[in-house]
Amino acid sequence: MKNAFGVDVQDRASFLAVKVDRAENMDQAIAEIDENFHNSEAETETTEESDSLASVVTGIGDVKTIMYSLCVVVLLTVLLIAANSMAMMVRDRVTEVAVMRALGFRRAHVVGLLLAEAALIGLSGGIVGAGAALWCFHGGITLGALTGGLGYMAVAPDTAAWAVLVALAVSIVSAMLPVIQAANIPPAIAFRKVV
């Protein structure tokens, strides 16, 4: 167990894994193991692997709800940070937008260019972040300290692809409001605006 999961068992076994040749023999094997160690110094409580994992996860708490809640909090935080960054990027471009509008560019064209810049920033950041996560966790990492050696976490390629798409969507959504506001400023006012 120490080699497999990194759990320090300190010269004693906290659990043993037994492989049964057929599923039909499971109940008989459980009964024989518990009967063999009944009234000894080390009594056993034999369960199936799925039941054992379920009890560990239940002991930790409602992991799925906690993980989803953390993901929502992180996503909202990233959205606010991205919105602030995109607002600063657009604010730095107000005079450029005014020049483009004065030269005859339509609002839709200016909005498209600014959103394309935001999308490029989000896409490049998403690719770097998802690539790093995939590289670090593609083989999985043990959850030994948290679950007593049971289970692991891994980043799959489809999860990394979804992360890139989410990063792209967050960058575009966070840039929408500042870009539309900048495109609606009349060029004469934008030239006079102190940035």
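Coordinates for the structure precede this section.
Residues numbered from 1 in each chain as written. Predicted model: local features only at pLDDT ≥ 70, side-chain atom pairs only at ≥ 80, totals over all residues. Heavy atoms only, no water.

1. Notes on the overall build of the chain
Move 1: Scanning the chain from N- to C-terminus turns up 9 helices and 2 strands.
Move 2: The N-to-C order of helical and strand elements in the chain reads α-α-α-α-α-α-β-α-β-α-α.
Move 3: Relative to its 195 residues, the chain shows a buried fraction of 19%.
Move 4: Carbon and sulfur atoms provide 65% of the accessible area of the chain, an area that totals close to 14,000 Å². (Helix = DSSP H or I, 4+ residues; strand = E, 2+ residues; numbered from the N terminus. Buried < 20%, exposed > 50% of the residue type's maximum accessible area, 1.4 Å probe, protein only. Areas by Shrake-Rupley, 256 points an atom, 1.4 Å probe, with all protein chains shown as cover.)

2. Notes on the layout of surface pockets
Move 1: Each pocket or cavity is described by its volume, and for the second largest pocket that value is around 830 Å³.
Move 2: Along its surface, the second largest pocket is lined by 28 residues, and Val-74, Thr-159, Trp-162, Ala-163 and Val-166 are the ones closest to its centre.
Move 3: Elements with a contribution of two residues or more to the lining of the second largest pocket: α4 (63-92), α6 (107-137) and α8 (157-183).
Move 4: Ranked by the residues each element gives to the lining of the second largest pocket, the list is headed by α8, at 9 residues.
Move 5: The class makeup of the residues in the lining of the second largest pocket is 21 nonpolar, 7 polar and no charged. (1 Å grid on protein atoms, 1.4 Å probe; cavity = no way out; pocket = protein on both sides within 12 Å on 5 of 7 lines; lining within 4 Å. Points joined across faces, edges and corners; volume = space filled by probe spheres on them. Nonpolar A, V, L, I, M, F, W, Y, C, P; charged D, E, K, R; others polar.)

3. Here's the deal with the nonpolar core
Move 1: Counting residues in hydrophobic clusters, the biggest one holds 13 residues, and the most contacted among them are Ala-175 and Val-179.
Move 2: When residues of this core are traced back to their parent elements, those giving at least two are α4, α6 and α8.
Move 3: Counting residues per element, this core draws most heavily on α6, which supplies 5 residues. (Core = buried A, V, L, I, M, F, W, Y, C linked by side-chain atoms within 4.5 Å.)

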